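As a plain string of letters, each chain reads:
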Amino acid sequence: MMTQVFDTPEKLYRALPSMDLLLSMSALQPLLQHYGKSAFKLAVNQMLTAARSEIADNGCLPQWLADEGAVFEYLADQLQASHRHSLQPVWNLTGTLLHTNLGRSQQSQAAIDAVTSVMRYPTPLEFELQAGKRGHRDNCISELMQRLTGADGCCVVNNNAAAVLLMLSAVAAGKEVIVSRGELVEIGGAFRIPDIMRQAGCTLVEVGTTNRTHLRDYEAAITDNTGAIMKVHTSNYHISGFTASVDEASLGKLCRQHGIPLLSDLGSGALTDMRRFGLKAEPTPQAMLADGVDLVSFSGDKLLGGPQSGLIVGQQALIDRMQRHPLKRALRCDKLILAALEATLRHYLNPQTLDKQLPIMAKFARSQSQLQAEAQRLISALAPRFAPQYQLSSISCNTQVGSGSQPDTFLPSVALAFSATNGGSVLALERHFKGAARPVIGRIANEQLLLDLRGADDFDELLNELLSLGNAL
Ligand SMILES: *Cc1c(COP(=O)(O)O)cnc(C)c1O
């Protein structure tokens, strides 16, 4: 198949190897066997199409048709690229730690081990080993949540949106649910409180105004058909100025007087005091329950640091109603999620080691001076590799929590900043970084590519990744 470069196009086209020839070439048999015939043929067809356009454009055969070895390399690269998993690991150096588009919370080693084990072996998901009878899949999480929050029990579903839908459907379908106008939030995507109310078969009764709602507003809205009062934690925005809202303790009292359940969509659901990291105090489910809220729902993969899930904790009678609701069967979690969630919650039993065990806490806990020292080390090793097209420096930046949590709180951090100098281009560098073996995702600001180091998982690995990116410029 090797032909001189200066033949006429007709000769060159005829010199292209046939599919049959390539299928029978012994050098290519390993690829054929590994990827299967249909993927192999697809890659060969794409290779031949690319070769034809090379002939049309440049009047010569491409280099990768030079010999068997080159064809093998070309096809191996193509096949490997098309078989790359789409959910591959990336470096989240965007400056947003709980990035919804990048999969939110990373899991602890214990959670990873627990998931691997239940994937590999049968496990008593709905079986009580000692009693030898059927058990409930939420039991284990329920017991842990009792210990951690004082709740009677817990119901676990696939995310907090599902938790809110189930909570409303099981507790207040066909009835009125009273919500403050200041809390009719949109969380992102299609999750809007009025829509979810309608979906759950509840009639939304809005009270108060955008900036001020009083206890008397709630009281005046209570009718014989009131099914619940709901509080929504306005986690992703903040109103300031002339504002008033009613706290859970006051609403709890009002609800008990009228025999109405009080529900709370808490959103992030931090179980510990986030102020130790310089973040704002987050309302915790345990505080809500102590204030008299009957059911509290929150996400498992925001500040909790676990897998995507939605947890509802609270009063046993209401938990039972949700467990019996047909929607629960549709929204229940699988064993992988439950295993990861259990392992995550177990870390909370030992607050002393929590910040080391949970990756999100470890990242919150990094100090700016520690990040500055890592930045210096990276810059010394990397600067020569990126010169002369790019200049490296370190700058102070702010890390955001993400996932709508604490939108106006920032953790002081340090970013590696790449500026284009001799013929470099920040946009081209950003693309180059995204093409890495493990894509490096930063952000561009003030014509610099910034890599916020608070999001790095391991600095030695990051150094190696960036060294090879520098070499491949
Ligand atoms: C994030 C959030 C949700 C949605 O939770 P998911 O786990 O993403 O489904 C609902 N309500 C509030 C207040 C939130 O912050």
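Residues numbered from 1 in each chain as written. Predicted model: local features only at pLDDT ≥ 70, side-chain atom pairs only at ≥ 80, totals over all residues. Heavy atoms only, no water.

Asks: I tried to follow the overall build of the protein chain on my own but got confused; where do I start?
Replies: For the protein chain, the count of helices and strands is 20 helices and 17 strands. Each principal axis of the C-alpha atoms in the protein chain carries an extent, and together these give about 95 × 55 × 45 Å. Here the protein chain, with 473 residues, has 47% of them falling under the buried criterion. Contacts spanning at least 24 positions in sequence make up 74% of the contacts within the protein chain whose residues lie at least 6 apart. Only carbon and sulfur atoms are counted for the fraction: they give 50% of the accessible area of the protein chain, which is about 22,500 Å². Computed over 42 positive and 45 negative side-chain charges, the inter-centroid distance for the protein chain is 3 Å. (Helix = DSSP H or I, 4+ residues; strand = E, 2+ residues; numbered from the N terminus. Buried < 20%, exposed > 50% of the residue type's maximum accessible area, 1.4 Å probe, protein only. Contact = heavy atoms within 4.5 Å. Areas by Shrake-Rupley, 256 points an atom, 1.4 Å probe, with all protein chains shown as cover. Lys, Arg positive; Asp, Glu negative; His and termini not counted. Charge placed at Lys NZ, Arg CZ, Asp CG, Glu CD.)

Asks: Quick question: what am I supposed to make of the packing of helix H4 (residues 37-58) against helix H5 (residues 68-82) here?
Replies: Each packed pair of helices is defined by two parameters, the angle between the axes and the distance between the axes. In contact at an axis separation of 10 Å, H4 and H5 are set at 115° when each is read in the N-to-C sense. Read as a crossing pair, H4 and H5 show a hand that is right-handed. Across the interface between the two elements, Ala39, Phe40, Ala43, Val44, Met47 and Ala50 from H4 touch Val71, Tyr74, Leu75 and Leu79 from H5. Considered class by class, the residues forming the contact of H4 with H5 number 10 nonpolar, no polar and no charged. (Axes fitted to C-alpha atoms, helices over the stretch in contact; angles between N-to-C directions. Left-handed = near helix turned anticlockwise from the far one by under 90°. Nonpolar A, V, L, I, M, F, W, Y, C, P; charged D, E, K, R; others polar.)

Asks: What should I look at first to understand the site of the ligand in this one?
Replies: Within the structure, the ligand sits among Arg104, Asn159, Asn160, Ala161, Ile187, Phe191, His233, Ser235, Asp265, Gly267, Ser299 and Lys302. The separation between an oxygen atom of the ligand and a polar side-chain atom of Arg104 is 2.9 Å. Note that an oxygen atom of the ligand is positioned 2.7 Å from one of the side-chain N or O atoms of Ser299. Here the ligand has 380 Å² of accessible area as a free molecule, and 93% of this is covered by the chains. Residue assignment for the shell around the ligand shows that the elements contributing at least two residues are helix H8 (160-172) and strand E10 (262-267). Looking at the shell around the ligand residue by residue, the class counts come to 3 nonpolar, 6 polar and 3 charged. (Near = heavy atom within 4 Å. Polar contact = N/O pair within 3.5 Å; in protein donor to acceptor, adjacent residues only side chain to side chain.)

Asks: What's the story with the sheet that holds strand E11 (residues 295-299) in this structure? I'm lost.
Replies: Across the sheet, which stays open at both edges, the 7 strands sit in the order E4-E12-E11-E10-E9-E5-E8 with mixed pairing between neighbours. Bordering the open sheet on either side are strand E4 (153-157) and strand E8 (203-207), each of which pairs with just one other strand. For this sheet the average axis-to-axis angle between neighbouring strands, irrespective of direction, equals 25°. Of the pairings in the sheet, the one linking strand E5 (residues 176-180) to E8 comprises 5 bridges and is parallel in character. Opposite Val179, over in E8, you have Glu206 as the bridge partner. The sheet contacts of helix H7 (residues 139-149) involve E4, E11 and strand E12 (310-314), and relative to E4 the element is tilted by about 125°. (Pairing = 2+ DSSP bridges.)

Asks: Even after reading the chapter, I still don't get the environment of Arg332, so can you show me in this structure?
Replies: Here Arg332 is to be found in the loop between helix H14 (326-331) and helix H15 (335-348). Judged by its relative accessible area of 27%, Arg332 is partly exposed. Not counting residues up to four positions away in its chain, the partners in contact with Arg332 are Glu126, Arg137, Val156 and Asn158.

Asks: What is the right way to read the sheet that holds strand E14 (residues 411-420) from this model?
Replies: Strand order across the open sheet formed by 4 strands is E13-E14-E17-E16, with antiparallel pairing between neighbours. The open sheet is flanked by strand E13 (390-399) and strand E16 (443-445), the only strands paired with a single partner. The mean inter-strand angle of the sheet, taken between neighbouring strand axes irrespective of direction, is 35°. Bridge count between E16 and strand E17 (residues 448-452): 3 bridges; the pairing is antiparallel. Directly across from Arg443, in E17, lies its bridge partner Leu450. Most of the contacts of helix H19 (residues 426-434) go to E17, to which it runs at about 35°, and overall it touches E13, E14, E16 and E17.

Asks: Quick question: what am I supposed to make of the nonpolar core here?
Replies: Generally speaking, nonpolar side chains in soluble globular proteins are found buried as a group. The biggest cluster of nonpolar side chains holds 49 residues, and the ones touching the most others in it are Ile141, Met145, Ile229, Leu345 and Phe364. Each residue touching Met145, except ones within four places of it in the same chain, is listed here: Gly150, Ala151, Cys154, Leu271, Phe298, Leu311, Val313 and Leu345. One finds Val171, Met230, Val232 and Leu331 within the second-largest nonpolar core, a separate group that totals 31 residues. (Core = buried A, V, L, I, M, F, W, Y, C linked by side-chain atoms within 4.5 Å.)

Asks: What exactly am I supposed to notice about unusual backbone geometry here?
Replies: Negative phi values dominate among residues other than glycine, just as trans dominates among peptide bonds. The amide bond that connects Ala387 to the next residue, Pro388, takes the cis arrangement and shows omega of 0°. Structurally, Pro388 can be placed in the loop between helix H18 (368-386) and E13. Positive phi outside glycine occurs at Glu447, with the angle close to 60°. Mapped onto the elements, Glu447 comes out in the loop between E16 and E17. Classification of Glu447 by relative accessible area gives exposed; the value is 69%.

Asks: What is the right way to read the pattern of salt bridges from this model?
Replies: Evaluation of the coordinates by the stated rule reveals 19 salt bridges. One salt bridge connects Glu126 with Arg134, and the closest N-O pair in it is separated by 2.9 Å. Exposure remark for Arg134: the relative accessible area of 64% places this residue in the exposed category. Lys280 is the salt-bridge partner of Asp408, the closest N and O atoms lying 2.8 Å from each other. Taken together, the residues Asp408 in the loop between E13 and E14 and Lys280 in the loop between E10 and helix H12 (285-290) connect sequence positions 128 residues apart. (Salt bridge = Lys/Arg side-chain N within 4 Å of Asp/Glu carboxyl O.)

All quantities given are derived from atomic positions and should not be read as evidence of function.
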